[in-house]
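Structural overview
Residues per chain are reported as follows:
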Amino acid sequence: MSDSLRELWLRGVAFNPAAPSDVLIRLMDRAAGEVGPLMCEGRDLPDAVVDAALRHPAGKIRGALALNRYVDPARLAPLATDPSGIVRYRLAVGPRPRPRWVRPLPDGILVTLLTAQDGGEDGVLTEHEITQELSASRQIPLSFHRSMAGHEHSELRVRATWRWQSLTPAQREALLDDPDPAVREAAQGSRWELDPEAVEAKLPSIGSHSKSFVLGTCALSATLVEECFAEDKAHPLAWNRHTPADAVARLARHPEAKVREMVAARPDLDPDLVAELREDPDEGVRARARLHPFPRTWAEYWAIDAVIGHGPDCTCPITEPADEPSPDWFAACAASEEPVLRQVAASWPRLPAELVEALARDEDEEVRIQLACRHRLAPPDLLLDVFVTRPAHRPHLLTLSAFPRTGLTHLIGHPDPEVRALAAGDPGLSEPPWDDPDESVCRAAAANPSLAPETLEALLADPRTAEGAAANPSLPVPRMHALLDHCLNSAATRTSSS
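On a predicted model such as this, the values are computed, not experimentally measured, just so you know.

Observations regarding the overall build of the protein chain
For the protein chain, the count of helices and strands is 31 helices and zero strands. Taking the principal axes of the C-alpha coordinates as reference, the protein chain spans close to 80 × 55 × 40 Å. By the burial criterion, 47% of the 498 residues in the protein chain qualify as buried. A separation threshold of at least 6 residues defines the contact pool for the protein chain, and within that pool the share at least 24 residues apart is 53%. Here the protein chain has roughly 23,700 Å² of accessible surface; of this, 54% comes from carbon and sulfur atoms. Positive and negative side-chain charges of the protein chain, numbering 52 and 75 respectively, have mean locations separated by a distance of 2 Å.

In C-alpha cells form, the structure reads like this:
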C-alpha cells in the first residue's frame, strides 16, 4: 500500500458521514497523524467522539476540537479551563476560516475565559492575549455585552465601561457609583466620550488610526467640528449621531458626493435638505435621499448602510446589529419600490414566511442573494440558483441546512467543476462521473451513496477516487475498520522501525 493511498483512505474515513463513533475514535491515534486533528476540527461529531476528544491527552486533538464549528458549543465548556493555554486560545479564536455567521459561545464559557487569572500551565500565552482574541472573534453575543454592566464579576463590569455609548443612562450611573473602585475608575475613564470638551482635549493624544472612530462616534465641540471642516476630515461627521444640526446642513452641501450621500439618509435630516438632496447631481446621493422617510431612527439608518453599495458578491460578516428596527419597518421595506429597501428586508433573518416567499421571486438579484444567504426559510431552489450563479457565496451556502443535495442531476454537465462536483454527489444519478477530468468531481462521484459495493472497491484502489470512496456512506463499517487496520498498523510499523 502506497503512502498516498494510506492518507487518502484515512481522510476519507474521517469525513465519512456514516462512520460510527468507534471508527472515528481510532483516528485520534497518533499513528493517524494529522488526520485526527483535521477530523476533530472539520466535521460534526457524535457525542462519544466529542467526549473522547475532550479527554484526549494530546493537546493537538483538544485544540482542534476547540475550533469545531459543528459541535454544540456548550459541549466545549471543559476547554475553557484546559491546562493548555493554546487550547483555550483556539476556543477563543473560534473556527477558521471564520464563517460569515459566527455562532456565539455560551455565557458560561465567556465568563470563564474573560475572568481567567492565567493563560494556562504551558505559559505560552497570557490571559490578556486570549481575551483579546475572544473580543475580536465575534463569539460574544450582544446579549452578553449588555449584561456585563450588571454582572456579579467586577472584571466584566470593567469591560462594560469600554462600550460606554451602548449603555443606558441608568447603567452608566450605576457604574460610576459601583462599589468596586476599579469599576468606578474605569467608568470615569470612559465618560469622556459623551463630553464634547473632554473629547476635544483628549483627541491629540489618540493614535491616528483611532481618530476617525472618535470623530464618527463621540460628542464633538464646536471647535472640533470647525477643525474637521478646515482640515478636510468631515467624512466621520456625516454618520456621527452627535453632529450638530448646523454642521449637518453644511455636510449636506459638501463638495464631495460621498459625504453628501452619507448625510442624505440621516434620520435627523431637515425635510428641506432631503428635498434638496433628491435633486443632487450625483445619482448615489439622489438614491440615498429617496429612501426617506424610511430612516426614521439610527437603527434604520445603519440597517440600510449595512446593505447599500456592497454589491452581489459581498461576503461581509453577518453580524447582530447593536440596535434593530421594528418588524413593521422591515415589512414596509419588503413592500417598497426601492430595491435597496427590499434588500434590507431580505437581510433580516426573522422576516415572516409570506414575505420570504415574495422576495424569493424578486426581480432584483441582490434581493434574492441577501435572502439566500441570511434567511433560514429561503427556498432550496433559490439557494441552488445563487450557488450556481455566484461562486463567492458557495462556502457559506454549503453550511446551510436547507441547501439541496438531491435533484441536481441536470447540473452534471455544467462547465464549472464546483457545480459538477455538487451534482456528482446526488444519489439520483444513475452513473456518477468518477472519470471526470476534474479531481474534485471524481472524489464527489466516488462518495455517491448509490454506488455498488464492487464499484466502491475499485475506486478505493485509484488515487483519484480513493478518498471519496472511503468517505462513501455506503461503505460497510467492517470495511472502514479494515482500512484503518491497514493504515494504522503500517504507520506503527514504520515508527517502530525508525
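Overview of helix 11 (residues 169-176)
In an α-helix, one turn spans 3.6 residues; hence positions three or four apart end up facing the same way. Listing the buried residues of helix 11 in full gives R172, L175 and L176. With its buried residues spanning 100 degrees around the axis, helix 11 presents them on a single face. Those residues of helix 11 that are exposed and aimed more than 90 degrees away from the buried face are A170 and E173. Those residues of helix 11 that are buried lie in contact with helix 10 (154-161) and helix 12 (181-190).

Some details on the packing of aromatic side chains
Scanning the entire structure with this criterion turns up six aromatic pairs. Ring centres of W298 and Y301 lie 5.0 Å apart, and the angle between their planes is 70 degrees; this geometry places the pair in the edge-to-face category. Pair noted here: W298 and Y301 are both in helix 20 (residues 298-305), with a separation of three residues, about one helical turn. The same class applies to W298 and to Y301, which are both buried. An aromatic cluster is defined as three or more aromatic residues linked by ring pairs; in this entry it consists of F294, W329, F330 and W348. In this structure, K202 packs its charged tip against the face of W192, placed 5.3 Å from the ring centre. Taking NZ or CZ as reference, R394 lies 4.9 Å from the ring centre of F387, over its face.

Regarding the nonpolar core
Judged by nonpolar contacts, the single largest core of 70 residues is most densely connected at L27, L65 and L91. With six residues, the single largest contributor to this core is helix 1 (residues 3-14). Setting aside residues no more than four positions away along its own chain, L27 makes contact with L10, V13, A14, A32, V35, G36, M39 and L484.

Remarks on the pattern of salt bridges
Where charged atoms of side chains with opposite charge meet at close range, the side chains can pair. Following the criterion strictly, the structure yields 29 salt bridges and no others. One salt bridge connects D280 with R260, and the closest N-O pair in it is separated by 2.7 Å. Of the two residues, D280 is situated in the loop between helix 18 (271-277) and helix 19 (283-290) and R260 in helix 17 (residues 257-264); the sequence distance between them amounts to 20 residues. Both residues of the pair, D280 and R260, count as buried. Across the pair R350 and E324 runs a salt bridge, and its minimum N-O distance is 2.5 Å. Highlighted residues: R350 in the loop between helix 22 (339-346) and helix 23 (353-359) and E324 in the loop between helix 20 and helix 21 (327-334), separated in sequence by 26 residues. Each of the salt bridges in this network shares a partner with another, and the network as a whole consists of K258, E261, R288 and D305.

Details of unusual backbone geometry
In this structure, P97 follows R96 across a cis peptide bond, with omega equal to -10 degrees. Each neighbour pair has its own omega, and for H292 with P293 the value is 10 degrees, a cis peptide bond. Even without a glycine there, the phi angle at D232 is positive, about 55 degrees. For D232, a relative accessible area of 55% corresponds to the exposed category.

Description of the side chain of E261
Here E261 lies in helix 17. Residue class for E261 comes out buried when judged on its relative accessible area of 15%. Leaving out residues up to four positions away in the same chain, E261 has contacts with G284, V285 and R288.

So, the packing of helix 22 against helix 24 (residues 365-374)
The N-to-C vectors of helix 22 and helix 24 enclose an angle of 10 degrees; their axes lie 8 Å apart at closest approach. Taken together, the axis directions place helix 22 and helix 24 in an arrangement best described as roughly parallel. Two secondary-structure elements touch here, helix 22 through P339, R342, Q343 and A346 and helix 24 through E366, V367, Q370, L371 and R374. The class makeup of the residues in the contact of helix 22 with helix 24 is four nonpolar, two polar and three charged.

Quick notes on the packing of helix 24 against helix 25 (residues 380-389)
Remark: helix 24 packs on helix 25, axes separated minimally by 9 Å, with the N-to-C direction vectors making an angle of 115 degrees. Viewed along their axes, helix 24 and helix 25 adopt a mutual orientation that is roughly perpendicular. Considering how the two elements wind past one another, helix 24 and helix 25 form a crossing that is left-handed. Residues E365, R368, I369, L371 and A372 of helix 24 form the contact with helix 25, whose own contacting residues are L382, L383, V386 and T389. Of the residues contributing to the contact of helix 24 with helix 25, the split by class is six nonpolar, one polar and two charged.

Overview of the side chain of R342
Mapped onto the secondary structure, R342 falls in helix 22. Here D362 takes part through its side chain, which lies 2.6 Å from a polar atom of the side chain of R342. Leaving out residues up to four positions away in the same chain, R342 has contacts with C333, A334, S336, E337, L359, D362, E363, D364 and V367.

A look at helix 7 (residues 107-114)
Buried within helix 7 are the following residues: I109, L110, V111, L113 and L114. Tucked into the core, helix 7 has its buried residues touching helix 6 (85-93), helix 8 (127-136), helix 9 (142-147) and helix 10.

Some remarks on the environment of S401
With respect to the helices and strands, S401 occurs in the loop between helix 26 (394-397) and helix 27 (417-424). Separated by 21 residues in sequence, S401 and P380 have C-alpha atoms that sit 9.6 Å apart.

Rules behind the numbers
Residues numbered from 1 in each chain as written. Predicted model: local features only at pLDDT ≥ 70, side-chain atom pairs only at ≥ 80, totals over all residues. Heavy atoms only, no water. Helix = DSSP H or I, 4+ residues; strand = E, 2+ residues; numbered from the N terminus. Buried < 20%, exposed > 50% of the residue type's maximum accessible area, 1.4 Å probe, protein only. Contact = heavy atoms within 4.5 Å. Areas by Shrake-Rupley, 256 points an atom, 1.4 Å probe, with all protein chains shown as cover. Lys, Arg positive; Asp, Glu negative; His and termini not counted. Charge placed at Lys NZ, Arg CZ, Asp CG, Glu CD. Arc of directions from axis to C-beta. Phe/Tyr/Trp six-rings, centres within 6.5 Å; stacked < 30°, edge-to-face > 60°. Lys NZ or Arg CZ within 6 Å of the ring centre and 35° of its normal. Core = buried A, V, L, I, M, F, W, Y, C linked by side-chain atoms within 4.5 Å. Salt bridge = Lys/Arg side-chain N within 4 Å of Asp/Glu carboxyl O. Axes fitted to C-alpha atoms, helices over the stretch in contact; angles between N-to-C directions. Parallel < 35°, antiparallel > 145°, perpendicular 65-115°, else oblique. Nonpolar A, V, L, I, M, F, W, Y, C, P; charged D, E, K, R; others polar. Left-handed = near helix turned anticlockwise from the far one by under 90°. Polar contact = N/O pair within 3.5 Å; in protein donor to acceptor, adjacent residues only side chain to side chain.

Any functional reading would require information that these geometric values do not contain.
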